[in-house]
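Examining the three-dimensional arrangement
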Amino acid sequence: MSLRAVTIVAAVLLLAGCTPGPAPSPTPTAAGSSSGAEPTASVPPTVEIISPDDYLVDGTPGVAGADGTWKGHYAFFADASKAVRCDIYIFSGDSGGVTCAVTPGNESKVTYMLPPADCAPEDGNPVDGYSAGINYKVFTTGNSGWTGCGLGASEFAGVTKVLPEGQDLLIESPAEKYTCSVAGGVAACFDAQGSGFHFGLSNVDFVE
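The structure reproduced in this document is the subject of the present report. In this text, all values refer to a predicted model and were calculated from it rather than measured experimentally.

When helices and strands are counted, the protein shows 1 helix and 12 strands. Along the protein, from the amino end to the carboxyl end, the secondary structure elements read α-β-β-β-β-β-β-β-β-β-β-β-β. Split into buried and exposed, the 208 residues of the protein put 33% on the buried side. Partitioning the contacts of the protein with sequence separation of at least 6, the portion at a separation of at least 24 is 44%. About 12600 Å² of surface is accessible on the protein, with carbon and sulfur atoms providing 58% of the total.

Below you can see the structure in the form of structure tokens.
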């Protein structure tokens, strides 16, 4: 073989060994992020701190008056419609309680099944079905159940606030503790023993 032929064969072999392969795949990046960008830390949502003092409408809890007693009356609406109002009471030397009721003028919006009305009961707990309560003294079984009859407009309605969804309102006295929250216009209130209820225009249930 001539020198020229050997040179041509060597050149062909050299070029064959340098043929470029497929382009490298790009380095994958995290979904939703751009290549080379620094990851952004998520910021937790701001949580509103609920103070019982913001819902006190009457009384001086823990501060005795001239007669040596004190009371605390707290209240809130279950949503901006103000169709359901809840009142929480604590006293010195006696049991308190919680009452949630349909506010006057909104009775026709109720869609739950009303219990039989009895506004002059022998047990002293009048019932019309437009209110629910937690009380240690008036229910024949358990600490919660139907109440009502004559619960008119509250004199404190003008200073009563709406309780924000997802927040707990905790009211305590030396002897008692009540916790209330709201979701979708339905109030949920319970005592320290777990008795309580859910109460709204379309939903009522009890834990006695």
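Two side chains carrying opposite charge are able to pair once their charged atoms lie near each other. Here the structure, examined in full by the defined rule, presents 3 salt bridges. One salt bridge connects K71 with D58, and the closest N-O pair in it is separated by 3.0 Å. Residue K71 is located in strand 2 (residues 71-77), and its partner D58 is located in strand 1 (residues 56-59); the two are separated by 13 residues in the primary sequence. The class for K71 is partly exposed, based on a relative accessible area of 39%. When the shortest N-O distance is used, the salt bridge between R85 and D87 registers 3.0 Å. Given the relative accessible area of 10%, D87 is considered buried.

What follows deals with the packing of aromatic side chains. Scanning all chains against the criterion turns up 4 aromatic pairs. An angle of 35 degrees between the planes, with centres 5.7 Å apart, marks the rings of Y112 and W146 as tilted. Separated by 34 residues along the polypeptide, Y112 in the loop between strand 4 (97-102) and strand 5 (131-134) and W146 in strand 6 (residues 144-147) bring together distant segments of the chain. Exposure remark for Y112: the relative accessible area of 10% places this residue in the buried category. The structure contains a cluster of three or more aromatic residues connected by ring pairs, namely Y112, W146, F199 and F206. The ring of F77 has R85 sitting right over it, with the charged end atom 5.7 Å from the ring centre.

One finds F76, I88, V98, L169, C189, F197 and F199 to be the most contacted residues of the largest nonpolar core, which totals 28 residues. Mapped onto this core, the elements with two or more residues apiece are strand 2, strand 3 (84-91), strand 4, strand 5, strand 8 (169-172), strand 9 (177-183), strand 10 (186-191) and strand 11 (196-199). Beyond its immediate chain neighbours, meaning those up to four positions away, V98 contacts D87, I88, A132, G133, I134, Y178, C180, C189 and F197.

Now for the environment of C100. With respect to the helices and strands, the residue C100 is situated in strand 4. For C100, a relative accessible area of 0% corresponds to the buried category. It is 8.7 Å that separates the C-alpha atoms of C100 and I88, two residues lying 12 residues apart in sequence. Setting aside anything within four residues of it in sequence, one finds C100 in contact with R85, C86, Y130, S131, A132, A187, C189, F197 and F199.

Glancing now at the sheet that holds strand 8. Strand order across the open sheet formed by 5 strands is 8-9-10-11-12, with antiparallel pairing between neighbours. Lying at the two open borders of the sheet, with one neighbouring strand each, are strand 8 and strand 12 (204-207). Each adjacent strand pair in this sheet contributes to an overall mean axis angle of 10 degrees, direction not counted. Of the pairings in the sheet, the one linking strand 9 to strand 10 comprises 6 bridges and is antiparallel in character. Following the sheet pairing, T179 is matched in strand 10 by F190.

Here the focus is the state of the cysteines. Applying the stated rule across the entire model yields 3 disulfides. Across the disulfide from C86 sits C100; the S-S distance is 2.0 Å. With the S-S dihedral at roughly 110 degrees, the linkage between C86 and C100 falls on the right-handed side. Taken together, the residues C86 in strand 3 and C100 in strand 4 connect sequence positions 14 residues apart.

We now examine the side chain of R85. Structurally, the position occupied by R85 is in strand 3. Polar side-chain contacts of R85 include one of 3.0 Å to the side chain of D87. There is a polar contact of 2.6 Å between the side chain of R85 and the side chain of T160. Filtering out sequence-adjacent residues up to four positions away, R85 remains in contact with H73, A75, F76, F77, T99, C100, A101, T103, S154, F156, A157 and T160.

Quick notes on the rules
- Residues numbered from 1 in each chain as written.
- Predicted model: local features only at pLDDT ≥ 70, side-chain atom pairs only at ≥ 80, totals over all residues.
- Heavy atoms only, no water.
- Helix = DSSP H or I, 4+ residues; strand = E, 2+ residues; numbered from the N terminus.
- Buried < 20%, exposed > 50% of the residue type's maximum accessible area, 1.4 Å probe, protein only.
- Contact = heavy atoms within 4.5 Å.
- Areas by Shrake-Rupley, 256 points an atom, 1.4 Å probe, with all protein chains shown as cover.
- Salt bridge = Lys/Arg side-chain N within 4 Å of Asp/Glu carboxyl O.
- Phe/Tyr/Trp six-rings, centres within 6.5 Å; stacked < 30°, edge-to-face > 60°.
- Lys NZ or Arg CZ within 6 Å of the ring centre and 35° of its normal.
- Core = buried A, V, L, I, M, F, W, Y, C linked by side-chain atoms within 4.5 Å.
- Pairing = 2+ DSSP bridges.
- Axes fitted to C-alpha atoms, helices over the stretch in contact; angles between N-to-C directions.
- Disulfide = S-S within 2.5 Å.
- Polar contact = N/O pair within 3.5 Å; in protein donor to acceptor, adjacent residues only side chain to side chain.

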